[in-house]
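Close look at the chain arrangement
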Amino acid sequence: MTKNFYVTTPIYYVNDVPHIGHAYTTIAADVMARYKRQDGYNVMFLTGTDEHGQKIEKSALKAGVDIQAFTDKYSATFRNLNEALRISNDDFIRTTEERHKKTVQEIWKTLFASGSVYLGSYSGWYAVRDEAFYQESELVDGKAPTGAEIEWITEPSYFFNLSKWQDKLLKFYEDNPDFIAPNSRRNEVISFVKGGLHDLSVSRTSFKWGIKIPNDENHVMYVWLDALFNYYSAVHNKEREHFWPCDLHLVGKDILRFHAVYWPAFLMACDLPLPKRVFAHGWWTNEGEKISKSLGNTIDPHKLIAEFGLDYVRYFLMTEMPFGNDGNFSRESFISKVNSNLCNNIGNLAQRVLSFINKNCEAKIPVYGSFIADDQKLLDLSYALADKMRKHMDKQEIHLAFEEVISLGSAANEYVDKQAPWALKKTDPERMQTVLYVLCECIRIVGIALLPIIPDSAAKLLDQLNIDVRNIENMSAKYKLQSGATLPMPQGVFPRLQ
Ligand code: MSP
């Protein structure tokens, strides 16, 4: 039976060009998607752009351009970024597409018919930057808790009966302890819901840029109701319906409430199956400072790629901090992390082993004799890697999964030093071949394991061993290298950063 795996990123607002925060979520989802494909799953990986709402309308008006043209332009910058990051998404959804509008209007009808949505009038605080309503009690120094400017709005509005779902949500969190991760965030959400839920205003009349409410065209839909359903509309068709419900929504911590409270409530109200997991990651600072446009310290992912190379950027972002925690971008730690883990560890291992084989084994996979305890130990460690990584990847402990690979690299480097094949060359050439064979096996496993995070470099590494079976399943002894096969000329894969 094929196993399905559906993973999403948030859809990004098109009021500006992408920065490192957007790249971060998207790379994480890409690593998950590549890993799952490699582990035999049928994967659906969705990303896209969030194009309606007052914030986009305002930005387009300010720029003095047609709103649709404005969204076209910025949406394309997100697509371009995906290409530059080698993102393997299966689809890119835009909320201004017909397929999405159609689904969301159907959803609205369902909500209305079931009495989950009713007409009333809204008076309260709204932050356009967050596209969020706030209670008086949540405000901090006259601003939203996020620091966004707020405005008082009074207008007729449809409401979603969120308050009614409070107990059902709490029960759902209790019955599904893995629904919200990490655990600290789960606790925050639960206490927020326990604090009481207010019905949610889900339509606006004071601007036009949104999906029209069926049968009441003075209203456009609240942008979050519209946006959240992107995850559904992309698979709401015959070819993809088996992907529902979604397995994993990756989001930043700032938008967890929308995904862990509103979203399951909307779905319950439509009687649709709920997603299995929402994982909230942390935020980056830049050299210790909060990243913001007004401080002028946003980080352009294209510039990073141009300077350091894509794989190093992907590697650093995914391993610098535990996935789920906040972290800091610093050039110094970027360079030292990449140099010590990739260049000096994995790169050095591959380079010394493969060039030694090239010179001393007629550029062929060495012939092994019997294995001594040290050999078997490194082989066992190598073959154990797949299971260790899977345990971490299942919990989105991306940083830990790849730390396991680096530890294996360190063990292999220690093994080379101890076995000293350059000395064996004179004293025991057969033993030298066995040692080199064990190392090739280890490099093979390391290469396969690194594919999801640094796809280009890992592929180059595997090419040097002529390996074309690259699934997780292949990380076992059953698929071990054939002695005697000819190898290409080795090339350095991990240039050191200065
Ligand atoms: N459009 C909504 C999401 C709708 S999903 C149905 C939105 N878009 S966004 O473009 O503002 O932000 C998208 C993501 O970028 C969020 O997950 C957010 O956490 C992330 N980041 C923005 N700045 C960030 C950092 N400095 N660091 C890490 N991620 C950050 O919200």
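For the structure, see preceding data.
This report concerns the structure included in the present document. This one's a predicted model, so the numbers in the text were calculated from it and none came from an experiment. (Residues numbered from 1 in each chain as written. Predicted model: local features only at pLDDT ≥ 70, side-chain atom pairs only at ≥ 80, totals over all residues. Heavy atoms only, no water.)

Residues in close proximity to the ligand total 22 residues, the closest being Ile11, Asp50, Gly252, Asp254 and Trp284. Here an oxygen atom of the ligand and a backbone polar atom of Tyr13 are 3.2 Å apart. Here a nitrogen atom of the ligand and a side-chain polar atom of Asp50 are 2.7 Å apart. With the chains in place, 94% of the 680 Å² that the ligand exposes on its own is no longer accessible. Sorting the residues of the shell around the ligand by element identifies β1 (3-13), α1 (20-38), α7 (223-228), α8 (230-233) and β12 (248-252) as the ones contributing at least two each. The residue inventory of the shell around the ligand, partitioned by class, reads 12 nonpolar, eight polar and two charged. (Near = heavy atom within 4 Å. Polar contact = N/O pair within 3.5 Å; in protein donor to acceptor, adjacent residues only side chain to side chain. Areas by Shrake-Rupley, 256 points an atom, 1.4 Å probe, with all protein chains shown as cover. Helix = DSSP H or I, 4+ residues; strand = E, 2+ residues; numbered from the N terminus. Nonpolar A, V, L, I, M, F, W, Y, C, P; charged D, E, K, R; others polar.)

We now examine the sheet that holds strand β5 (residues 132-134). With antiparallel pairing, the four strands of this open sheet are ordered in space as β5-β4-β6-β8. The sheet terminates laterally at β5 and β8 (200-201), the two strands that pair on one side only. Of the strand pairs in this sheet, strand β4 (residues 117-127) and strand β6 (residues 151-160) are connected by 10 bridges, and their pairing is antiparallel. Along β6, the bridge assignment pairs Leu119 with Tyr158. The sheet contacts of helix α9 (residues 256-269) involve β5, β6 and β8, and relative to β6 the element is tilted by about 35°. (Pairing = 2+ DSSP bridges. Contact = heavy atoms within 4.5 Å. Axes fitted to C-alpha atoms, helices over the stretch in contact; angles between N-to-C directions.)

Membership of the largest hydrophobic core comes to 98 residues, with the highest contact counts inside it found for Phe402 and Leu439. Broken down by element, this core gets its largest block of residues, 14 residues, from helix α16 (residues 429-450). With residues up to four places along the chain from it excluded, the contact list for Phe402 reads Val31, Thr319, Met389, Met393, Ala449, Leu450, Pro452 and Ile453. Val14, Ile190, Ile213 and Cys246 belong to the second-largest nonpolar core, a separate cluster that totals 82 residues. (Core = buried A, V, L, I, M, F, W, Y, C linked by side-chain atoms within 4.5 Å. Buried < 20%, exposed > 50% of the residue type's maximum accessible area, 1.4 Å probe, protein only.)

What follows deals with the pattern of salt bridges. Throughout the structure, instances matching the rule amount to 31 salt bridges. Between Lys293 and Asp16 there is a salt bridge, with its nearest N and O atoms 2.8 Å apart. One end of the pair, Lys293, is in the loop between β15 (289-290) and α10 (301-308); the other, Asp16, is in the loop between β1 and α1, with 277 residues separating them in the sequence. We note a salt bridge from Glu98 to Lys101, for which the minimum N-O separation is 3.7 Å. With Glu98 and Lys101 both in helix α4 (residues 98-113) and three residues apart, this pair spans about one turn of that helix. A relative accessible area of 25% places Lys101 in the partly exposed class. (Salt bridge = Lys/Arg side-chain N within 4 Å of Asp/Glu carboxyl O.)

This part covers the environment of Gly64. Within the secondary structure, Gly64 sits in the loop between α2 (54-63) and α3 (67-84). For Gly64, a relative accessible area of 63% puts it in the exposed group. Each C-alpha atom of the pair Gly64 and Pro275 lies 40 Å from the other, and the pair is 211 residues apart in sequence.

Sheet analysis places β4 next to β5, joined by three bridges and oriented antiparallel. In the sheet register, Ala127 faces β5, and the bridge partner there is Ala132. Between β4 and β5, which pair antiparallel in sequence order, lie four residues; one of them, Glu131, sits at a positive phi of approximately 50°.

Just distances and angles here, no functional claims.
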